[in-house]
Amino acid sequence: MVITSLMLHRQRVIVRAFEQGAVTSAAMARTAEQMGLKTGMAWHHLVGHAVLRCPGEGRYFLDVANWQRLRRRRRQLAVVVIVALLIGVALVLLATRAH
């Protein structure tokens, strides 16, 4: 859980750097070094989800639509997990009251 939280935080830091630098198109693409960022697990995860796109020469830009899509998917997953947990708790409570 802690590792996941750190990874998500690091991803937000990376995305924020691209947003603040207005690096949101292939024409504005920059290297990680130019952005002052390190290419670690969070970076590669964003590349894998096509949030960071590489038009060539090791330069990247933020695909805002894909970032929003990934965030929306994560929120939906979180809601599903919370609902499933609540249903589980409700079932346990019902089962213990029945006995």
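Before reading on, note that the structure itself is shown above.
What comes next concerns the included structure.

Criteria and thresholds
- Residues numbered from 1 in each chain as written.
- Predicted model: local features only at pLDDT ≥ 70, side-chain atom pairs only at ≥ 80, totals over all residues.
- Heavy atoms only, no water.
- Helix = DSSP H or I, 4+ residues; strand = E, 2+ residues; numbered from the N terminus.
- Buried < 20%, exposed > 50% of the residue type's maximum accessible area, 1.4 Å probe, protein only.
- Contact = heavy atoms within 4.5 Å.
- Expected span 1.5 Å × (residues − 1).
- Salt bridge = Lys/Arg side-chain N within 4 Å of Asp/Glu carboxyl O.
- Phe/Tyr/Trp six-rings, centres within 6.5 Å; stacked < 30°, edge-to-face > 60°.

## What about the side chain of Gln 11?
Reasoning step 1: For Gln 11, the position within the fold is in helix H1 (residues 2–20).
Reasoning step 2: Overall, Gln 11 belongs to the buried group, its relative accessible area being 0%.
Reasoning step 3: When residues no more than four places from it in sequence are discounted, the contact partners of Gln 11 are Ala 42, His 45, Leu 46 and Arg 74.

## Concerning helix H4 (residues 64–98)
Reasoning step 1: The end-to-end C-alpha distance of H4, which contains 35 residues, comes to 51 Å, matching closely the 51 Å that a straight helix rising 1.5 Å per residue would cover.
Reasoning step 2: Along H4, the residues that are buried comprise Asn 66, Trp 67 and Leu 70.

## With respect to the environment of Cys 54
Reasoning step 1: Assignment of secondary structure puts Cys 54 in strand E1 (residues 52–56).
Reasoning step 2: Along the backbone, Cys 54 and Leu 77 are 23 residues apart, and their C-alpha atoms lie at a distance of 28 Å.
Reasoning step 3: With near-sequence residues (within four places) excluded, Cys 54 lies in contact with Arg 59 and Tyr 60.

## Some thoughts on the pattern of salt bridges
Reasoning step 1: The final tally for this structure, using the stated rule, is two salt bridges.
Reasoning step 2: Taking the shortest distance from any N to any O, the salt bridge between Asp 63 and Arg 53 comes out at 3.5 Å. Here Asp 63, found in the loop between strand E2 (59–62) and H4, pairs with Arg 53, found in strand E1; they are 10 residues apart in sequence, far enough to count as distant.
Reasoning step 3: Exposure remark for Asp 63: the relative accessible area of 16% places this residue in the buried category.
Reasoning step 4: The exposure class assigned to Arg 53 is partly exposed, which follows from its relative accessible area of 35%.

## A short note on the packing of aromatic side chains
Reasoning step 1: Going through the model one piece at a time under the given rule, you end up with two aromatic pairs.
Reasoning step 2: Taken together, a centroid distance of 5.8 Å and an interplanar angle of 50° make the contact between Phe 18 and Trp 43 tilted. Taken together, the positions of Phe 18 in helix H1 and Trp 43 in helix H3 (residues 41–48) put the pair 25 residues apart, joining distant regions of the chain. Each member of the pair, Phe 18 as well as Trp 43, is classed as buried.
Reasoning step 3: With a centroid separation of 5.1 Å and 80° between ring planes, the pair formed by Trp 43 and Tyr 60 is classed as edge-to-face. You can see Trp 43 sitting in helix H3 and its partner Tyr 60 sitting in strand E2, a full 17 residues away along the chain.
Reasoning step 4: The class of Tyr 60 is buried, set by a relative accessible area of 18%.
Reasoning step 5: Each member of the aromatic cluster is reached from another via a ring pair, and the members are Phe 18, Trp 43 and Tyr 60.

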